[in-house]
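Each chain, written out:
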Amino acid sequence: MRIIDLGLMAYREAEALQLETLAQVQQGAEEVLYLLEHPKVITLGRQGGGENLHVGEAHLRAQGIELAHTLRGGNITCHFPGQLVAYPIFRVEKRPGGIRQFFADMEEAVIRTCAAFGISVTRRQGFPGVWTGPQPDARKICSMGIGVKRFVTYHGLALNVGPDVSLFDLITLCGIGGAKATSMSQEAGRPPHQPIDMKEVKDVLAREFRARFTHSPLAAG
């Protein structure tokens, strides 16, 4: 597995890169994990989610926020600078436990990444992703949604790192009524001018993915 840091990349550009890589992995190429951030974008999954968008497209355009329809599973979510996105282009055909275990391993990688920064998070039964706080006051720190083509995954997870998660105010988070977003910096009690370092989080998440899926050095990209 190659782990490649793409920096800040537009959503559509990253989607095209995923599809290109997916085709290569289907043909036998090495698996790839992309780590990156996106400019502000709200995305709708295969299950839709437009009904959970609280503002019109004109408002989004005026604020410089893209609206994108995707082929991942799940409902509505959003991406923005300060949120770490991970796109694993992995084979799952012969993976023990199938897609269910694949999600569990992604969740575990995020749980252990947060723990490395002193943040306690957990799974929430029936709701993919990672949460913090006791129910019913659980706050979502990481969203997950994937697509699968010919037994190869794409899309993945979005882990909120920086303190500003205000873009979630424009949606019903993942279509879950009452759900609230949080971030690693918020949960760690960091002041806005001293957020948790994104590069440090990338390094830890890369290490945790390697521990769960394979063993390989971090590649620059």
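Residues numbered from 1 in each chain as written. Predicted model: local features only at pLDDT ≥ 70, side-chain atom pairs only at ≥ 80, totals over all residues. Heavy atoms only, no water.

### Some thoughts on the overall build of the protein
Phase 1 of the analysis: Within the protein, the secondary structure is distributed over five helices and twelve strands.
Phase 2 of the analysis: Expected size for 221 residues packed as a compact globule is a radius of gyration near 17 Å; at 16 Å, the protein falls within 12% of this value.
Phase 3 of the analysis: Viewed in the frame of its principal axes, the protein has a C-alpha envelope of about 45 × 40 × 35 Å.
Phase 4 of the analysis: The buried share among the 221 residues of the protein stands at 53%.
Phase 5 of the analysis: When contacts within the protein are restricted to residue pairs at least 6 apart in sequence, long-range pairs at least 24 apart make up 75% of them.
Phase 6 of the analysis: Just so you have it, the protein exposes about 10000 Å², and 51% of that area is on carbon and sulfur atoms. (Helix = DSSP H or I, 4+ residues; strand = E, 2+ residues; numbered from the N terminus. Rg over C-alpha atoms; globule rule 2.2 N^0.38 Å. Buried < 20%, exposed > 50% of the residue type's maximum accessible area, 1.4 Å probe, protein only. Contact = heavy atoms within 4.5 Å. Areas by Shrake-Rupley, 256 points an atom, 1.4 Å probe, with all protein chains shown as cover.)

### Side note on the pattern of salt bridges
Phase 1 of the analysis: Tallied over the entire structure, the rule returns twelve salt bridges.
Phase 2 of the analysis: Ionic pairing is found between R91 and E31, a salt bridge with its closest N-O pair at 3.9 Å. Linking R91 in the loop between β6 (83–89) and α3 (98–116) with E31 in the loop between α1 (11–26) and β2 (32–37), this pair joins segments that are 60 residues apart in sequence.
Phase 3 of the analysis: Bridged by salt links that share partners, the residues E107, E108, R112 and R123 form one connected network. (Salt bridge = Lys/Arg side-chain N within 4 Å of Asp/Glu carboxyl O.)

### Observations regarding the nonpolar core
Phase 1 of the analysis: Core analysis: the biggest nonpolar cluster contains 35 residues, and M106, V110, L157, L159, M184, L205 and F209 have the highest contact counts within it.
Phase 2 of the analysis: Of all the elements in the fold, those that place two or more residues in this core are β2, β6, α3, β9 (139–149), β10 (152–160) and α5 (198–213).
Phase 3 of the analysis: Setting aside anything within four residues of it in sequence, one finds L157 in contact with L84, V85, A86, M106, V110, C142, S143, M144, L205 and F209.
Phase 4 of the analysis: Core analysis: the second largest hydrophobic core is formed by 19 residues, I76, F80, V165 and L173 among them. (Core = buried A, V, L, I, M, F, W, Y, C linked by side-chain atoms within 4.5 Å.)

### Quick notes on the pairing of β9
Phase 1 of the analysis: In terms of residue burial, β9 counts as a mostly covered element, since eight of its eleven residues are buried.
Phase 2 of the analysis: One ladder, built from three bridges, connects strand β8 (residues 127–132) with β9; its direction is antiparallel. Counted as the bridge partner of W131 is K140 from β9.
Phase 3 of the analysis: As defined by bridge partners, β9 adjoins strand β11 (residues 180–181) across two bridges and the pair is classed as parallel. Along β11, the bridge assignment pairs R139 with K180.
Phase 4 of the analysis: By the bridge criterion, eight bridges tie β9 to β10 in an arrangement that is antiparallel. Note that in β10 the partner of S143 across the bridge is A158.
Phase 5 of the analysis: A loop of two residues connects β9 with β10, the two strands running antiparallel in sequence, and R150 in this loop sits at a positive phi of about 50°. (Pairing = 2+ DSSP bridges.)

### Observations concerning the packing of aromatic side chains
Phase 1 of the analysis: In this structure the tally under the stated criterion is seven aromatic pairs.
Phase 2 of the analysis: Judged by centre distance (5.1 Å) and plane angle (55°), the ring pair of F90 and F213 falls under tilted. Separated by 123 residues along the polypeptide, F90 in the loop between β6 and α3 and F213 in helix α5 bring together distant segments of the chain. A single burial state applies to F90 and to F213, both of which are buried.
Phase 3 of the analysis: Centre to centre, the rings of F209 and F213 are 5.2 Å apart; their planes meet at 20°, and the pair counts as stacked. One end of the pair is F209 and the other is F213, both in helix α5 and four residues apart, which spans about a single turn.
Phase 4 of the analysis: Three or more aromatic residues link up through ring pairs in this structure, and these residues are F90, F102, F209 and F213.
Phase 5 of the analysis: Cation over ring: R124 sits above W131, and NZ or CZ is 4.6 Å from the ring centre. (Phe/Tyr/Trp six-rings, centres within 6.5 Å; stacked < 30°, edge-to-face > 60°. Lys NZ or Arg CZ within 6 Å of the ring centre and 35° of its normal.)

Any link to function would need more than the numbers given here.
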